[in-house]
Amino acid sequence: MVNEKNFNTGEVTLNYAEGDATGFPLVLIHGFSDKWQTYQPIITPLAQSWHIYALDLRGHGKSEKKPGAYRYRDYFHDLERFMDDVVAEPAVLFGHSMGGVISIMYAAAHSDKTRALIIGDSPMNFKDSQFQKQISYHYLRAIYEDLSKGYETEGLLPKIKCPVLLLRASPKKDGHIPDADLIKAKTLIKQLHTVQYEDIGHDLHKVKPSRILDDVARFLESVK
């Protein structure tokens with residue numbers, strides 16, 4: 001069972017769910033336009049062995065809205081404060097999509113506070129990505145480039161020192177990691193474990209929770 005709580009970073013009040021302290025901390029970070037409940041299908045079994053924290057990012061779920069302050073670096077600073085003041089010990093981070101982006105930024109900056117990292121089909125960069133190519137208006141590109149500033153994976157990925165599990169959805173089913181980004185990850189992340197799904201799209205644990213849970217639990221057992 002998890003209980004919802006609030007935490008004020010000094011700038012914004014975040015809603016989060018916390019489970020019993022049954023093991024090391026496992027912090028779950030959802031993607032864009034989601035909320036912590038997207039992890040609900042896998043929280044119950046994971047909570048038997050891990051101390052679960054599941055965040056609502058600012059502007060999502062029950063967390064406070066901050067118009068004009070939804071850049072990757074804003075989410076990153078929220079996570080820094082949450083990790084320092086609430087979790088308060090090294091943790092495993094599991095971020096899906098944009099949540100994985102924020103987790104990568106955190107793990108690169110705080111290797112001493114990151115026990116392990118699970119990346120759920122997060123794009124390895126914005127520049128030259130499929131998403132960027134779909135943005136036809138230059139001013140929209142400029143806006144998004146500002147939102148994503150600080151997420152330059154060529155510099156971030158080599159700084160990640162912990163074990164990493166990369167869950168790659170099928171690019172044929174709206175997966176966000178093209179072959180070039182997979183090669184980049186394998187080249188730049190030292191302790192990388194990769195699971196590739198040919199029949200699962202970007203939503204991963206929301207559509208195939210049992211499959212994702214099996215792979216995540218196996219990895220978590222190896223980093224206890």
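This text goes with the structure placed above it.
Cut-offs applied
Residues numbered from 1 in each chain as written. Predicted model: local features only at pLDDT ≥ 70, side-chain atom pairs only at ≥ 80, totals over all residues. Heavy atoms only, no water. Salt bridge = Lys/Arg side-chain N within 4 Å of Asp/Glu carboxyl O. Helix = DSSP H or I, 4+ residues; strand = E, 2+ residues; numbered from the N terminus. Buried < 20%, exposed > 50% of the residue type's maximum accessible area, 1.4 Å probe, protein only. Expected span 1.5 Å × (residues − 1). Contact = heavy atoms within 4.5 Å. Core = buried A, V, L, I, M, F, W, Y, C linked by side-chain atoms within 4.5 Å. Phe/Tyr/Trp six-rings, centres within 6.5 Å; stacked < 30°, edge-to-face > 60°. Lys NZ or Arg CZ within 6 Å of the ring centre and 35° of its normal. Polar contact = N/O pair within 3.5 Å; in protein donor to acceptor, adjacent residues only side chain to side chain. Pairing = 2+ DSSP bridges. Right-handed = clockwise from strand over helix to strand, strands pointing away. Axes fitted to C-alpha atoms, helices over the stretch in contact; angles between N-to-C directions.

(A) Structural view of the pattern of salt bridges. Counted under the stated rule, the structure contains 13 salt bridges. With a shortest N-O distance of 3.2 Å, Asp-199 and Arg-211 are connected by a salt bridge. Of this pair, Asp-199 sits in the loop between β8 (192-196) and α8 (209-222) while Arg-211 is found in helix α8, placing the two residues twelve residues apart along the sequence. Note on Arg-211: relative accessible area 34%, which makes it partly exposed. In this structure, Lys-206 engages Asp-203 in a salt bridge whose closest nitrogen and oxygen atoms are separated by 3.5 Å. Overall, the relative accessible area of 33% leaves Asp-203 in the partly exposed class. What emerges from the salt-bridge pattern is a single network uniting Glu-11, Arg-58 and Asp-78.

(B) The arrangement of unusual backbone geometry in detail. One non-glycine residue, Ala-88, lies in the positive phi region at around 60 degrees. The residue Ala-88 is located in the loop between α2 (72-87) and β5 (91-96) in this model. Residue classification places Ala-88 among the exposed residues on the basis of a relative accessible area of 57%. Positive phi outside glycine occurs at Asp-174, with the angle close to 70 degrees. If you trace the backbone, Asp-174 turns up in the loop between β7 (164-168) and α7 (179-188).

(C) Expanded view of helix α3 (residues 98-109). Look at α3: 17 Å from first C-alpha to last across twelve residues, which is about the 16 Å you get at 1.5 Å a residue. With eleven of twelve residues buried, α3 lies mostly within the body of the structure. Within α3, burial applies to Met-98, Gly-99, Gly-100, Val-101, Ile-102, Ser-103, Ile-104, Met-105, Tyr-106, Ala-107 and Ala-108. Where α3 is buried, its residues contact β3 (25-29), α2, β5, β6 (114-120) and α6 (153-156).

(D) Broad picture of the nonpolar core. One finds Val-27, Phe-82, Ile-104, Leu-117 and Ile-160 to be the most contacted residues of the largest nonpolar core, which totals 42 residues. If we ignore the near neighbours within four places in the chain, the residues touching Ile-104 are Leu-117, Ile-119, Met-124, Tyr-151, Leu-156, Leu-157 and Ile-160. Core analysis: the second largest hydrophobic core is formed by 29 residues, Leu-26, Ala-47, Leu-165 and Ala-169 among them.

(E) Representation of the packing of aromatic side chains. What the rule picks out here adds up to seven aromatic pairs. Their ring planes at 35 degrees and their centres at 6.5 Å tell us that Tyr-16 and Tyr-53 sit as a pair that is tilted. Taken together, the residues Tyr-16 in strand β2 (residues 13-18) and Tyr-53 in strand β4 (residues 51-55) connect sequence positions 37 residues apart. Taking the relative accessible area as the measure of exposure, Tyr-16 reaches 6% and is therefore buried. Here the aromatic rings of Phe-24 and Trp-50 are separated by 6.3 Å at their centres, their planes lie at 50 degrees, and the arrangement is tilted. Highlighted residues: Phe-24 in the loop between β2 and β3 and Trp-50 in the loop between α1 (40-46) and β4, separated in sequence by 26 residues. Residue classification places Trp-50 among the buried positions, given a relative accessible area of 3%. Note that Arg-115 overlies the ring of Phe-24, its terminal NZ or CZ placed 3.7 Å from the centroid.

(F) Structural context of the environment of Lys-66. Note on placement: Lys-66 falls in the loop between β4 and α2. Setting aside residues up to four positions removed in sequence, Lys-66 forms contacts with Glu-11, Val-12 and Arg-58. Here Glu-11 takes part through its backbone oxygen, which lies 3.1 Å from a polar atom of the side chain of Lys-66.

(G) Spotlight on the pairing of β8. When β7 meets β8, the two strands line up parallel, connected through five bridges. Each residue of the ladder has a partner; that of Val-164, found in β8, is Leu-192. In this region the chain leaves β7, passes through α7 and returns to the parallel neighbour β8; the handedness of that crossover is right-handed.

(H) Broad picture of the sheet that holds β5. The strand order β1-β2-β4-β3-β5-β6-β7-β8 describes an open sheet built from eight strands, whose pairing is mixed. The open sheet has two free edges, formed respectively by β1 (3-8) and β8, since each of these has just one partner strand. Geometrically, the sheet is characterised by an average inter-axis angle of 20 degrees between neighbouring strands, direction not taken into account. By the bridge criterion, six bridges tie β1 to β2 in an arrangement that is antiparallel. For Asn-6, the partnering residue across the bridge sits in β2 and is Asn-15. The strands touched by α3 are β3, β5 and β6; relative to β5, the strand with the most contacts, the crossing angle is about 145 degrees. Here α7 sits on the sheet and contacts β7 and β8; the angle it forms with β8, its principal contact strand, is near 155 degrees.

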